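Take a look at the letters that make up each chain.
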Amino acid sequence: MSGAESTESNLQENRRFAPPAEFAAQAHIGSIEEYEKLHSRSIAEPEAFWAEVAEQLHWFKPWDKVLEWEAPDAKWFVGATTNLCYNCIDRQVEAGLGDQVAIVWEAEPYADGQPQVVNLTYNDLLREVSKFANVLKSKGVQKGDVVTIYMGMVPELAIAMLACARIGAVHSIIFGGFSASAIRDRVEDGKSKLLITCDGSWRRAKNVPLKANVDEALEMTDLIENVIVYQRTECEVHMTVGRDHWWHDLMDGISDDCPAEEMDAEDLLFILYTSGSTGKPKGIMHTTGGYMVHTYMTSKLTFDLKPDDPDELYWCTADIGWITGHSYIIYGLLPNRVRTLMYEGAPNEPGPDRFWDMVERHKVTKFYTAPTAIRAFMKWGDEHVEKHDLSSLKVLGTVGEPINPEAWVWYHEKIGGERCPIVDTWWQTETGGHMLTPLPGATTTTPGSCCRPMLGIDAAVVNSDGEEVPNNSGGILVIRKPWPSMLRGIYGDRQRFVQTYWEKVPGMYCPADGARVDPDGNFWITGRIDDVIVVAGHNLGTMEIESALVSHPDVAEAAVVGFPHDVKGTGISAFVITKGAVPAPGSDAAEAMKKSMSAHVAKELGPISKPDQIRLTEALPKTRSGKIMRRLLRDIAAGNEIKQDTTTLEDRGIVEKLQASG
Ligand code: 6R9
């Protein structure tokens, strides 16, 4: 089964799954009629609708106006002040609920066969976050400064980000799987002067050398004045005197009194980099008030969160280094006063049942993961699932890429015991929170479709003139009205922001995904319409991988495309023109060269960008005007028969050669 086949078969998909009556009866939104009524009103009267949601949160000063909109610039909750960290923590403490658990953390590796689990209450968080906020201040961090965070999945990562939000510093979190040059690029783009990291992080019982990667990055830029190092794996690290400080030394004896800064609703909360279709990653900007309101509401509705149920335990398996972790491990969850589970390590360590073992031991109620993980579990075998009691689960979610119906049905049967509604959530780093998704108590789902727009979201599928296309015809997905957690820009690049998102279909937000709407009004995402590929749920720019390849000494030119991959959804296929003679296909020299190129990409960009296939060649199929025929490369990579017209090719023999070299 592959991603591409699934798109084909989706047109025939006709299975329907209604929410179980018992679930619907207790849900925040319990019928499709109720959803439709609320949705229509949210589109007709957006300001009144969002104001009612915002009123459920804490504001130091109320807004004068809900929305000021002049495309592409939105200002939400104009004139209001608030603090997201305050809404995550202090509010619960002030309501007398400080002893309740906020974050449950499970470590890797398992010590003595017993997993180490840490519970952090709202009181614990308030103390630790306030202390660390004072540490940041003591190092000169001020409101508006960009703080870079490059850590593993330890509670201190949550503490660090919340501490930034508390004092109004803008965090820029870098996924721990990225390499030194990615750190350098982001530090320089954000002009960041302080960086927080760990000595190392645990993944599959191996130490990931985070601090060593930072050291390498900081040899390439001198912007960073202070590095704070949290000790996790106790691996050997080099500490540069005057620049590097241990987290525990700085926290020792510092005051735990640090009131939350009053932030303007439109003050920058964080930047998070996402791949674009040109080489350079985009620093997506999110601001305080709107992002808070949207992630709060969508967490509550999509997962039907119940703060007053003492058994409620929500688990999103993403890394906090991605938007999913930002919005749906921390910022959307804590204001909902629901326990959120964070885990360190990998889905198959210590065994291929790690997730199900965790669900059983912790009695997880709401579970959110990616299709790529689901497909991996399918492949590893049902026996790892069947030995665990998963009866605590109530809602299952997916995010990151289209889910093929087979994986959806497996998730429904094997994990959800045919009783849990599945929410297939479509959204992006740029949208901040859920945009298209079923609501678990209201929506009759169909495998592979992310169903309907979230409340307040005006989504449509249009042609390039912005006109809606008929049902079941493919088109461009657009969002026609502003929403609170929309990106406010690309850090330092106004022009790119306007061009990337607002010019394809004038006046509407264009996420660069293709889609269609079926006759029931359900949305189906058909894939990216730009040069971004979604690999194992991660956005990768093909251009970025191409530039990494070209910086290898043996590479003259490279073209990268996606191809259907059983587990990752999309795999990475690279076509490389070598500088010297092309080694014979299958020879040791060819294999060694490919290996060295792969390792080079992993080093430049991180292991997730490593090509799954490399074809070494003396030429690439190009049109006479010199354009690489990417569509043709996609077919070759997928092993498809070439049906396209290749008459415009400069050298037609090249296609056969490439097919033979795969
Ligand atoms: C949250 C996140 C965004 C891109 C997006 C789309 C793809 C995400 C999806 C989905 C189909 C879903 N995508 N969720 N495609 N169905 N439920 O993943 O953000 O990393 O920015 O990626 O991922 O192509 O445009 P981000």
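Check the entry above for the structure.
Residues numbered from 1 in each chain as written. Predicted model: local features only at pLDDT ≥ 70, side-chain atom pairs only at ≥ 80, totals over all residues. Heavy atoms only, no water.

Enquirer: Report on the pairing of strand 15 (residues 282-287), specifying residues and quantitative values.
Expert: Taken across its 6 residues, strand 15 has 6 buried, putting it largely inside the fold. Here strand 15 shows no split at all, with Lys282, Ile284 and His286 on one side and Gly283, Met285 and Thr287 on the other all buried. Pairing between strand 14 (residues 268-274) and strand 15: 6 bridges, direction antiparallel. Residue Ile271 lies in a different strand from strand 15, and its bridge partner there is Met285. (Buried < 20%, exposed > 50% of the residue type's maximum accessible area, 1.4 Å probe, protein only. Helix = DSSP H or I, 4+ residues; strand = E, 2+ residues; numbered from the N terminus. Pairing = 2+ DSSP bridges.)

Enquirer: Pulling in residues and values, what's your account of unusual backbone geometry?
Expert: Here the residue pair Ala71 and Pro72 is connected by a cis peptide bond, since its omega of 0° sits within 30 degrees of zero. Assignment of secondary structure puts Pro72 in the loop between strand 1 (65-70) and strand 2 (73-78). Across the junction of Glu349 and Pro350, the peptide omega takes the value 10°, indicating a cis bond. Within the chain, Lys191 stands out as a residue other than glycine whose phi angle is a positive 50°. When you line up the elements, Lys191 lands in the loop between helix 8 (180-190) and strand 8 (194-198). Non-glycine residue Glu234 carries a positive phi angle of around 60°. Residue Glu234 is classed as exposed on the basis of its relative accessible area, which comes to 62%.

Enquirer: Give a detailed account of empty space enclosed by the protein, specifying residues and quantitative values.
Expert: All chains considered together, the criterion is met by 3 cavities of 30 Å³ or more. The computed volume of the largest cavity comes to approximately 50 Å³. If you trace the largest cavity, you find it lined by Ser275, Lys282, Gln428, Glu430, Thr500, Tyr501, Cys510, Pro511, Ala512, Arg528, Asp530 and Asn539. Tallied by class, the residues present in the lining of the largest cavity amount to 4 nonpolar, 4 polar and 4 charged. (1 Å grid on protein atoms, 1.4 Å probe; cavity = no way out; pocket = protein on both sides within 12 Å on 5 of 7 lines; lining within 4 Å. Points joined across faces, edges and corners; volume = space filled by probe spheres on them. Nonpolar A, V, L, I, M, F, W, Y, C, P; charged D, E, K, R; others polar.)

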